[in-house]
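Structural characterization, general
Single-letter residue listing:
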Amino acid sequence: MFTLTVRRHFMIAHSLPRESFGPAQGLHGATFVAEMTFRRAELNDDAIVLDIGVAGTILDEVLAGLNYKNLDEHPDFAGQLTTTEVLARFIAEAVAAKVRKSDDGGALAGVDVLLREHPDAWAGFSLDFER
């Protein structure tokens, strides 16, 4: 399996109103590094997984809807805890929807999102595409 990964960062505000989250129950900010990996079984005619510029633009477009936003007020997360895992799934699904519309996205096998919240802590989500 061939892979291509692009990385960006974004900042959000949110609260995690459950006792298990301790001080993170209250409104606080978080900065994430998002690593988006595109997977493909065989390279395309240009010997690449996906154009790096296209991959970066797609990730930028998805993250623009989250960057500097209070996720407690974001309609896509109504009734959900916006944990790192939930954000990773949201980003993977949003990127998948966009990449499937691109000319070269149909041959991708899937995408993986890794969200680094801290140098020593991260969470991710993998989404395999159906053929």
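Note that the coordinates shown come from a computational prediction; the quantities given were computed from them, not determined experimentally.

Right, let's talk about the overall build of the protein chain for a bit. In terms of regular secondary structure, the protein chain is built from 2 helices and 5 strands. Going from the N terminus to the C terminus, the protein chain shows its helices and strands as β-β-α-β-α-β-β. In summary, the protein chain has a C-alpha radius of gyration of 16 Å against a globular reference of 14 Å for 131 residues, a match within 12%. C-alpha atoms of the protein chain, sized along the principal axes, occupy 50 × 30 × 25 Å. When each of the 131 residues of the protein chain is scored for burial, the buried share is 40%. Summarising the internal contacts of the protein chain: among those between residues at least 6 apart in sequence, 68% fall at separations of at least 24. Taking the average place of the 12 positive charges on the side chains of the protein chain and the average place of its 20 negative ones, the gap between the two points comes to 1 Å.

This part is about the packing of aromatic side chains. Summed over all chains, the structure comprises 2 aromatic pairs. Residues Phe-77 and Phe-90 carry aromatic rings whose centres are separated by 4.8 Å and whose planes lie at 50° to one another, so their mutual orientation is tilted. Of this pair, Phe-77 sits in the loop between β3 (69-70) and α2 (84-99) while Phe-90 sits in helix α2, and the two are 13 residues apart along the sequence. Assessed through its relative accessible area of 3%, Phe-77 is described here as buried. Sitting over the ring of Phe-129, Arg-100 keeps its end group 4.1 Å from the ring centre. Over the ring of Trp-122 we find Arg-116, and its NZ or CZ is 4.5 Å from the ring centre.

So, on to the environment of Thr-84. Along the chain, Thr-84 turns up in helix α2. Here the alpha-carbon distance between Thr-84 and Met-36, two residues 48 residues apart in the chain, equals 14 Å.

Strand order in the open sheet formed by 5 strands is β3-β1-β2-β4-β5, and the pairing between neighbours is mixed. Edge strands, defined here as strands with exactly one partner in the open sheet, are β3 and β5 (121-128). Strand direction decides the pairing type here: strand β4 (residues 110-118) and β5, joined by 8 bridges, are antiparallel. Directly across from Asp-112, in β5, lies its bridge partner Ser-126. Lying over the sheet, helix α1 (residues 52-64) contacts β1 (2-14), β2 (28-40) and β3, oriented at roughly 20° with respect to β1.

So, on to the nonpolar core. Judged by nonpolar contacts, the single largest core of 33 residues is most densely connected at Phe-10, Met-36, Phe-38, Leu-66, Ile-91, Val-95 and Leu-115. Broken down by secondary-structure element, the contributors of at least two residues to this core are β1, β2, α1, α2 and β4. Counting residues per element, this core draws most heavily on α2, which supplies 8 residues. With sequence-adjacent residues up to four places away left out, Phe-10 is seen in contact with Ala-30, Thr-31, Phe-32, Ala-34, Leu-63, Leu-66, Asn-67, Ile-91 and Leu-115.

Reading the values: rules and limits
- Residues numbered from 1 in each chain as written.
- Predicted model: local features only at pLDDT ≥ 70, side-chain atom pairs only at ≥ 80, totals over all residues.
- Heavy atoms only, no water.
- Helix = DSSP H or I, 4+ residues; strand = E, 2+ residues; numbered from the N terminus.
- Rg over C-alpha atoms; globule rule 2.2 N^0.38 Å.
- Buried < 20%, exposed > 50% of the residue type's maximum accessible area, 1.4 Å probe, protein only.
- Contact = heavy atoms within 4.5 Å.
- Lys, Arg positive; Asp, Glu negative; His and termini not counted.
- Charge placed at Lys NZ, Arg CZ, Asp CG, Glu CD.
- Phe/Tyr/Trp six-rings, centres within 6.5 Å; stacked < 30°, edge-to-face > 60°.
- Lys NZ or Arg CZ within 6 Å of the ring centre and 35° of its normal.
- Pairing = 2+ DSSP bridges.
- Axes fitted to C-alpha atoms, helices over the stretch in contact; angles between N-to-C directions.
- Core = buried A, V, L, I, M, F, W, Y, C linked by side-chain atoms within 4.5 Å.

Distances and angles like these do not, on their own, reveal function.
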